[in-house]
Amino acid sequence: MIDDEFKHKPVLINEVIESIEPADDKIYFDATFGNGGYSKKILSSSNCKVIAIDRDPSVSSKAKEFEEKYKDRFKFIESRFSQIKKVMEELEREKVNCFLFDIGVSSMQLDNANRGFSFMKDGPLDMRMSNTGKTAGELINTIDQNELADILFHYGDERNSRRIARSIINYRNKKEIKSTLELADIIKKNNKNFKSKINPATKTFQALRMFINNELEELHSGLNQALNLLSIAGKICVVTFHSLEDRMVKNFSKALGSSVKVEKVIKPSDDEVRLNPRSRSAKLRLIQKISNQNKYIPIEECGFSL
Ligand SMILES: C[S@@+](CC[C@H](N)C(=O)[O-])C[C@H]1O[C@@H](n2cnc3c(N)ncnc32)[C@H](O)[C@@H]1O
């Protein structure tokens, strides 16, 4: 049932809706369908259409419910940011009035121990959003130490990347690392002086997840494709959860110069953070297209290189 209590609480939903002002006959592209929180609010705010994608096959049953309820106002395709242009071609659509990206993992992904995203729950070291490609376990049990340290540094901003990489390699030389808690424990044991309240495995898990899922490259590709497919006055609306992604969106919009209008960053209210602690680091950025001068912004100009 669509009206079931949502398992994933949509973050900054009121601010998103106020910023994009859904209107009849417009087309909205929800690039991160998840549990459908954004799509549902948009579809119920006006008589518009929503095209939605998600790379995670497990959202398909929720998407089916939406297709049954909203008929030709809603279309879901299992796909990724880097395939947005292909999705539009498949649907024979040329332009969209607004693109929404609510980046990162959903609560359903994080809370399911079998997906391997959480260092709080024991499960296999998987971390693949699309269930394809190399798992986090396959990566850390085979990768070279320096390469692993680089990943932890570049995708996790982890200052102890060299030390953590060494401890992972030392451990795996004796025994294959199989589970999330096993990995979290290796990191904890090698961070005896760690004073912060934040779990010492936080940045390593973030880095592995981002690397396994090519998240920054996907976001970069998605932003460029969305800009080309956006109608004039249309907006790209991005909700990020940590500085690496936010930096990419900020630098992307800066590099576009006067061809876009960039609005002030919006953060969740104290009330929202109290009700949904996962929203605490969220930031909403809005980029409005004001000229048809299509540019491609390389990833280095978005502040990312490996
Ligand atoms: C934070 S959740 C979105 C939640 C959604 N806004 C809601 O209200 O239910 C992020 C979703 O984006 C998906 N995702 C992440 N990276 C993606 C990518 N490159 N392409 C398509 N979907 C992606 C994830 O699988 C996840 O379901």
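Residues numbered from 1 in each chain as written. Predicted model: local features only at pLDDT ≥ 70, side-chain atom pairs only at ≥ 80, totals over all residues.

Draft legend 1. Inspection of the packing of helix α11 (residues 215–229) against helix α12 (residues 243–255) at higher detail. Two elements in contact, α11 and α12, have axes separated by 11 Å at closest approach and are oriented at 25°. Between α11 and α12, the crossing angle belongs to the class labelled roughly parallel. As α11 packs across α12, the resulting crossing turns out to be right-handed. Seen from α11, the contacting residues are L216, L219, H220 and L223; seen from α12, they are L244, E245, M248 and F252. Across the contact of α11 with α12, the residue classes tally to 6 nonpolar, 1 polar and 1 charged. (Axes fitted to C-alpha atoms, helices over the stretch in contact; angles between N-to-C directions. Helix = DSSP H or I, 4+ residues; strand = E, 2+ residues; numbered from the N terminus. Parallel < 35°, antiparallel > 145°, perpendicular 65-115°, else oblique. Left-handed = near helix turned anticlockwise from the far one by under 90°. Contact = placed C-beta atoms within 7 Å. Nonpolar A, V, L, I, M, F, W, Y, C, P; charged D, E, K, R; others polar.)

Draft legend 2. Region of the structure containing the environment of I290. Relative to the assigned elements, I290 resides in the segment after β7 (283–289). The exposure class of I290 is partly exposed, given the 14 C-beta atoms found within 10 Å. Here the alpha-carbon distance between I290 and A233, two residues 57 residues apart in the chain, equals 5.5 Å. Beyond its immediate chain neighbours, meaning those up to four positions away, I290 contacts I232, S259, V260 and K261. (Buried ≥ 20, exposed ≤ 12 C-beta atoms within 10 Å, placed from the backbone.)

Draft legend 3. Local environment of the packing of helix α7 (residues 145–156) against helix α8 (residues 161–172). Here α7 crosses α8 at 135°, and the two axes come no closer than 8 Å. With respect to each other, α7 and α8 are oriented oblique. Judged by the twist between their axes, the crossing of α7 over α8 is right-handed. Two secondary-structure elements touch here, α7 through Q145, L148, A149, L152 and F153 and α8 through S161, R162, I164, A165, R166, I168 and I169. The class makeup of the residues in the contact of α7 with α8 is 8 nonpolar, 2 polar and 2 charged.

Draft legend 4. Representation of the sheet that holds strand β4 (residues 96–102) within the structure. Across the sheet, 7 strands lie side by side as β3-β2-β1-β4-β5-β7-β6; this open sheet has mixed pairing. Each edge of the sheet is formed by a strand with only one pairing partner; in this case those strands are β3 (74–78) and β6 (260–262). Taking the axes of each pair of neighbouring strands and ignoring which way they run, one obtains an average angle of 15° across the sheet. Packing against the sheet, helix α1 (residues 13–20) makes contact with β4, β5 (230–240) and β7, and its axis sits at approximately 170° to β5. On top of the sheet, helix α3 (residues 60–70) reaches β2 (49–54) and β3; it is set at about 160° to β3, its chief contact. (Pairing = 2+ DSSP bridges.)

Draft legend 5. Broad picture of the site of the ligand. Around the ligand there are 21 residues in total, and P10, T32, G34, N35 and G37 lie nearest to it. Taken together, the elements giving at least two residues each to the shell around the ligand come down to α2 (37–45) and β2. Classifying every residue of the shell around the ligand by side-chain character gives 7 nonpolar, 8 polar and 6 charged. (Near = placed C-beta within 6 Å.)

Keep in mind these numbers describe shape, not what the thing actually does.
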